[in-house]
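So you can see what is in the structure, the chains are spelled out below.
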Amino acid sequence: MKKFFYIPCFIGATLLASCTSDNDFDNTPSPNDWSNTVTNSNVEIKLGTGSNGTRSSLGDANGLFAANGLGVFCLAKDKLSDDTKLIEINWSRLNESTKTYSLWMDNVKTNATINGDVTELSWADHKTRWYPIGNWHRYSFYGYYPRVEDKDITTSQTKITAKITIDGTQDVIWGKADPDPKEKPYAYSGYYFRQPGNDEDIPVLQFEHKLMRLDFYVKAAPDANGSTANAKNMGVQEIAVKDVPYVGTLTIAHNPSDPNICEDGKLTFESVPNKNFLVSTDDTSGGLSETCWVDDEAKQVGQGLLVPVPAKGKTYKVKITLANKQENPDKPDKAETMIPNEIELNNTQAQFEAGKNYKVMINVPAATKVQANAKLTWWVEEKDAIKDIIL
């Protein structure tokens, strides 16, 4: 099975500081006044561009892509002061006293557009956004696609998750910009960008794919004599990957006390509910619009399918429905459907991975007419008759 590798997509979130000569820490409010002074600083948050030469399944070979509806979070991660009076970091939307600064940006809709040789990100509502004044915390960025509505976001003190539904046609990506505070103290905060040399620093959201892709190809299989003439009468009417789980939980951000158990970017699916995913002619989930007739050269059937990575030892069953144009030569697309065939894609050795493209080659042989001769044995009288039955 041939594998194609995706290189993670890099999207920059450029945060540019307005010119100022003030020392931001000298003008911060006291911890006692914190809850009353969560306002904007004059350090603007701007989403910038990715670098050329990256790769995303959403776009072309250069990594450029256009997509409406990424969700972006800007979350407080660490305290920048040892003052014990500081209000704790709490990402829960239910905590009114902390969410104003902990959830500084909450599932903000962002669009990606191609501009020349770069992908640019911009706020969908065209509003300007700023870092908070005070600089009591450093902030990290988290992004994901496709964005879900706020009702499908779950927040707690240390974790944010999204309920994502897939249909086989849409990629799921996730990324973050969360530098090591030992390497970049105060990153990211208004104070950080006021320091010499930091005003043009570009925080990079390194997106990664959370699904794997299956591309199906068909070609004519030779018969015992090496001929493919009859096999080329065969066509594929439908390919379905069966029982695919389609409701998943994506961990957008996780801030546990033990970093070794952090689940940032984890995407999990329950075995139910599930449904069949159809290979489709276009980027919808409606199936093939016409029969794909096989030939000597391999040809791709429809678009690829994006599916969850099965757990080790688990199997995807693929149903392939064939047609034979010899059954109705005048209207081959109306050929009688044959008995579906099934193949298995087994993740025996955990060889399937997210972010990889798998080419499934289906060799289709000619239909063989099954015929049998019959001979009926003449009745033989049994010497021992059935005993009388008394009613």
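Quick caveat, the model's predicted, so the values are computed rather than measured.

## Some points on the pattern of salt bridges
- Going through the model one piece at a time under the given rule, you end up with 19 salt bridges.
- For Lys-319, the salt bridge identified is with Glu-238, shortest N-O distance 3.8 Å. Residue Lys-319 is located in strand S22 (residues 315–324), and its partner Glu-238 is located in strand S15 (residues 234–245); the two are separated by 81 residues in the primary sequence.
- Taking relative accessible area as the criterion, Glu-238 reaches 28% and is therefore assigned partly exposed.

## Looking at the pairing of strand S9 (residues 137–145)
- The element S9 is largely enclosed, with a buried count of nine among its nine residues.
- On S9, burial covers both faces: His-137, Tyr-139, Phe-141, Gly-143 and Tyr-145 on one face and Arg-138, Ser-140, Tyr-142 and Tyr-144 on the other are all buried.
- One ladder, built from eight bridges, connects strand S5 (residues 67–79) with S9; its direction is antiparallel. Counterpart to Cys-74 in the pairing with S9 is Phe-141.

## Structural notes on the pairing of strand S16 (residues 247–254)
- In terms of burial, S16 is largely enclosed, as six of its eight residues are buried.
- Sheet topology note: the S16/strand S17 (residues 267–269) ladder contains three bridges and is antiparallel. Counterpart to Gly-248 in the pairing with S17 is Phe-269.

## Focus: the packing of aromatic side chains
- Per the stated rule, a full pass over the model turns up eight aromatic pairs.
- Ring centres 5.9 Å apart and planes at 15 degrees place the aromatic pair Tyr-188 and Phe-193 in the stacked group.
- Look at Phe-193 and you get buried, because its relative accessible area is 2%.
- By the ring-pair criterion, three or more aromatic residues cluster together here, those being Tyr-131, Phe-141, Tyr-188, Tyr-192 and Phe-193.

Conventions and cut-offs
Residues numbered from 1 in each chain as written. Predicted model: local features only at pLDDT ≥ 70, side-chain atom pairs only at ≥ 80, totals over all residues. Heavy atoms only, no water. Salt bridge = Lys/Arg side-chain N within 4 Å of Asp/Glu carboxyl O. Helix = DSSP H or I, 4+ residues; strand = E, 2+ residues; numbered from the N terminus. Buried < 20%, exposed > 50% of the residue type's maximum accessible area, 1.4 Å probe, protein only. Pairing = 2+ DSSP bridges. Phe/Tyr/Trp six-rings, centres within 6.5 Å; stacked < 30°, edge-to-face > 60°.

Function cannot be read off these values alone, since they describe shape.
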